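Per-entry structural report
Now for the letters of each chain:
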Amino acid sequence: TQTETGVIAASAGNHALALAYHGKQLGVSVTVVMPKLAPIMKVTACRDYEANVILFGEHIGESKDYATKLGEEKGLTYINGYDDPAVLAGQGTIGLEVIDQVPDVDAVVVPVGGGGLLAGIALAVKTLKPDVTVIGVESENCPGFSAAWKVGHPVKVPSMPTLADGLAVPMVGGNALATARKHVDKVLTVSENYIAIAILRLVEHEKAVVEGAGAAGLAACVAGLLPELKGKKVVIILCGGNIDTTVLGRCLERGLAADGRLCRFVVRVKDTPGGCAELTRILADMGACIKDIFHERAWVYSDIFSVEIKCVVETRDAQHAEELRMELEKHYPGRLRWGPSHRRGSTS
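Residues numbered from 1 in each chain as written. Predicted model: local features only at pLDDT ≥ 70, side-chain atom pairs only at ≥ 80, totals over all residues. Heavy atoms only, no water.

Across its full length, the protein carries 13 helices and twelve strands. Principal axes of the C-alpha set define a box for the protein whose edges measure 80 × 45 × 35 Å. Put simply, the protein has 348 residues, and 48% of those count as buried. A sequence separation of at least 24 residues applies to 69% of the contacts in the protein between residues at least 6 apart. Carbon and sulfur atoms make up 54% of the accessible area of the protein, which totals about 17000 Å². For the protein, the distance from the average position of its 36 positive side-chain charges to the average position of its 40 negative side-chain charges is 5 Å. (Helix = DSSP H or I, 4+ residues; strand = E, 2+ residues; numbered from the N terminus. Buried < 20%, exposed > 50% of the residue type's maximum accessible area, 1.4 Å probe, protein only. Contact = heavy atoms within 4.5 Å. Areas by Shrake-Rupley, 256 points an atom, 1.4 Å probe, with all protein chains shown as cover. Lys, Arg positive; Asp, Glu negative; His and termini not counted. Charge placed at Lys NZ, Arg CZ, Asp CG, Glu CD.)

If you trace the four strands from one edge of the open sheet to the other, you get β7-β6-β5-β8, paired in parallel fashion. What marks the edges here is a single partner per strand, and that holds for β7 (186-190) and β8 (234-236). Going across the sheet, the axis of each strand differs from the next one's by a mean of 20°, ignoring polarity. When strand β5 (residues 107-111) meets β8, the two strands line up parallel, connected through three bridges. By the bridge assignment for β8, V109 is matched with I236. Of the strands in this sheet, β5 and β6 (133-139) are in contact with helix α6 (residues 116-128), which crosses β6 at around 170°. (Pairing = 2+ DSSP bridges. Axes fitted to C-alpha atoms, helices over the stretch in contact; angles between N-to-C directions.)

What follows is about the packing of aromatic side chains. Counted according to the given criterion, the structure contains four aromatic pairs. The ring of W149 is capped by R181, whose NZ or CZ atom sits 5.5 Å from the centre of that ring. (Phe/Tyr/Trp six-rings, centres within 6.5 Å; stacked < 30°, edge-to-face > 60°. Lys NZ or Arg CZ within 6 Å of the ring centre and 35° of its normal.)

The next point concerns the nonpolar core. Counting residues in hydrophobic clusters, the biggest one holds 26 residues, and the most contacted among them are V137, I195 and L226. For this core, the elements supplying multiple residues, two or more each, are β5, β6, β7, α9 (192-206), α10 (212-222) and α11 (245-258). Per-element accounting of this core gives the leading share, six residues, to α10. Ignoring any residue separated from it by four or fewer positions in sequence, one finds I195 in contact with S139, L163, A164, V190, G212, A215 and A219. In this structure, L88, V172, L177 and I237 belong to the second largest nonpolar core, which totals 25 residues. (Core = buried A, V, L, I, M, F, W, Y, C linked by side-chain atoms within 4.5 Å.)

Here we take up unusual backbone geometry. One non-glycine residue, E50, lies in the positive phi region at around 70°. Mapped onto the fold, E50 is located in the loop between α3 (40-48) and β3 (52-55). The exposed category is assigned to E50, whose relative accessible area is 61%. A positive phi is found at K207, a non-glycine position, where the angle reads about 55°. A relative accessible area of 67% places K207 in the exposed class.

Under the criterion given, the structure shown has 16 salt bridges. K42 is the partner of E211 in a salt bridge, and the nearest nitrogen-oxygen pair spans 3.0 Å. With E211 in the loop between α9 and α10 and K42 in helix α3, the pair connects residues that are 169 residues apart, well separated along the chain. For the salt bridge of E327 with K330, the shortest nitrogen-to-oxygen distance reads 3.6 Å. On the criterion of helical spacing, the pair formed by E327 and K330 is a turn pair, its members being three residues apart in helix α13 (residues 318-331). (Salt bridge = Lys/Arg side-chain N within 4 Å of Asp/Glu carboxyl O.)

A word on the state of the cysteines. On inspection of all chains with the given rule, the structure shows zero disulfides. In this structure C239 is not part of a disulfide, and its nearest cysteine sulfur, from C221, lies 14 Å away. By relative accessible area, which is 28% here, C239 ends up partly exposed. (Disulfide = S-S within 2.5 Å.)

The next thing to look at is the environment of G224. You can see G224 is positioned in the loop between α10 and β8. Spatially, the C-alpha atoms of G224 and L188 are 12 Å apart, while their sequence positions differ by 36 residues.

In the sheet, strand β9 (residues 262-270) pairs with strand β11 (residues 306-314) via nine bridges, with the strands oriented antiparallel. Opposite K270, over in β11, you have S306 as the bridge partner. In this sheet, strand β12 (residues 336-338) lies alongside β9 in antiparallel orientation, the contact comprising three bridges. From the neighbouring strand, F265 faces β12, where its bridge partner is W338.

Here we take up the environment of V247. Relative to the helices and strands, V247 is located in helix α11. We classify V247 as partly exposed; its relative accessible area is 26%. Considering only alpha carbons, one finds V247 and G144, 103 residues apart in sequence, at a separation of 24 Å.

For the rest of this paragraph, the subject is the packing of α6 against helix α8 (residues 174-183). At a minimum axis separation of 8 Å, α6 and α8 run at an interaxial angle of 40°. Comparing the axis directions of α6 and α8 gives the class oblique. The hand of the α6/α8 crossing is left-handed. Where α6 approaches α8, its residues G116, A119, A122, L123 and K126 are matched on the opposing element by A176, T179, A180 and H183. Along the lines of polarity and charge, the residues of the contact of α6 with α8 split into five nonpolar, three polar and one charged. (Parallel < 35°, antiparallel > 145°, perpendicular 65-115°, else oblique. Left-handed = near helix turned anticlockwise from the far one by under 90°. Nonpolar A, V, L, I, M, F, W, Y, C, P; charged D, E, K, R; others polar.)

In structure tokens form, the structure reads like this:
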């Protein structure tokens, strides 16, 4: 029987966690194939639930191909996390909860990877409230659903590393796409910077730790991609909180940088007593906090009596950062390189 032989699935982590948890509860053997770069937290949690975890492939597409082949060889039942009709129906219960808790909702924004969550929610919401707008959002680093949406059938797209690892599905599910196309009003992509900012906003304002995939919907709103929703009652689905603490730290720093609150620059000052002190005084007077500072003497291509100082500083916001840049330009004309590129002669 299926219970005796067990089940297998490919997952970036969340579907694998659900299978592993219920497999342990029901006494069913569970094998999950996860990409090599799957978050450590998700891999560890699956193993804690006694699942057989196999790390294979650079992305979920390669993991799925391997899991399908392994399942056929060992007689394991493959459970698709984003295209199985029963899974779609289960994910659709989120839509029922939305309508039950927010009956006057105007729009629902849903992160989309393989398409199952979006399809299930869209079907449930539109069945109960046909006038509600349903919007799907995915990372621009793996726009599988957008590509399929345009041509009308699943197509394989290149998958680049993304903060929204749970959405990194190179080819969406056929059942999910067929269901979603009838009920979804709009699908769009969002940049990695805005996903990072969304994670930061949720930590700061909601005290909620949400992974990149779960924050994609909010990222679209923060990026100003949905101006038509201004003033309306909108439900944004936050569909995952499984993020490594190390990755969370990187996301927060990237969010601060994208938000103009973490700035990097190189400035050339005189290599004499007081040269560095003058710079730190300016930063202090402007209310900027030094996060990192480094002196560069060997690879300086100006006069021998100058030193380059590389700084990373915290500012209040983008406007404060611009004020700081202008103040440094005034004190060090032609000697400031502002921004992450550090291109020689660049001030922006």
